[in-house]
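# Topology and contacts: notes
Take a look at the letters that make up each chain.
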Amino acid sequence: RQTTRPSAQKVQGYNVAYVGNIAFAATSDDIKALFEPFGATLVRLHTDKDTGKPKGYAHVHFKDEESLDTAVTMDGTPLLGRRIRVGFAQKKKNDL
């Protein structure tokens, strides 16, 4: 089911997807295996700095905009028993 939260707008030249609702058992390799066919080049699975435990979300970098656009269609795909959320990532204010 879709949530009512609006999805983030794509940032031109920033070929990164936000992937949320990730099962805590999932590894970077699991996520990369899912997105590699779509041109994923890097997976940053975020963890708690103090405990090292996963936070349940990641940023996945893609080789180009077309790859990113295709990857976003994976929204709702099951991964280790949870339906992942996939959308366009937003740059941090200090990113160039």
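For the structure itself, look to the data block above.
Residues numbered from 1 in each chain as written. Predicted model: local features only at pLDDT ≥ 70, side-chain atom pairs only at ≥ 80, totals over all residues. Heavy atoms only, no water.

Looking now at a positive patch on the surface. A contiguous patch of positive charge on the surface is contributed by Arg44, Lys49, Lys55 and Lys92. Along the chain, Lys49 turns up in the loop between β2 (40–47) and β3 (54–62). According to the relative accessible area criterion, Lys49 is exposed, its value standing at 84%. (Patch = residues over 30% accessible without salt bridge, like charges linked within 9 Å, V, L, I, M, F, W, Y side chains within 5 Å. Areas by Shrake-Rupley, 256 points an atom, 1.4 Å probe, with all protein chains shown as cover. Salt bridge = Lys/Arg side-chain N within 4 Å of Asp/Glu carboxyl O. Lys, Arg positive; Asp, Glu negative; His and termini not counted. Charge placed at Lys NZ, Arg CZ, Asp CG, Glu CD. Helix = DSSP H or I, 4+ residues; strand = E, 2+ residues; numbered from the N terminus. Buried < 20%, exposed > 50% of the residue type's maximum accessible area, 1.4 Å probe, protein only.)

Turning our eyes to something else, we now look at the sheet that holds β2. Strand-to-strand pairing in sheets goes through backbone hydrogen bonds, with the strands running parallel or antiparallel. Here four strands make up an open sheet; going across it, the order is β2-β3-β1-β6 and the pairing antiparallel. Every other strand in the sheet has two partners, leaving β2 and β6 (85–88) as the edge strands with one partner each. In this sheet, neighbouring strand axes are inclined to one another by 25° on average, regardless of whether the strands run parallel or antiparallel. Pairing between strand β1 (residues 16–20) and β3: four bridges, direction antiparallel. Looking across to β3, one finds that Val16 is bridged to His61. In this fold helix α1 (residues 28–35) packs onto β1, β2, β3 and β6, with an angle of close to 145° to the strand it touches most, β2. Together, β1, β3 and β6 form the strand contacts of helix α2 (residues 65–72), whose direction differs from that of β6 by roughly 145°. (Pairing = 2+ DSSP bridges. Axes fitted to C-alpha atoms, helices over the stretch in contact; angles between N-to-C directions. Contact = heavy atoms within 4.5 Å.)

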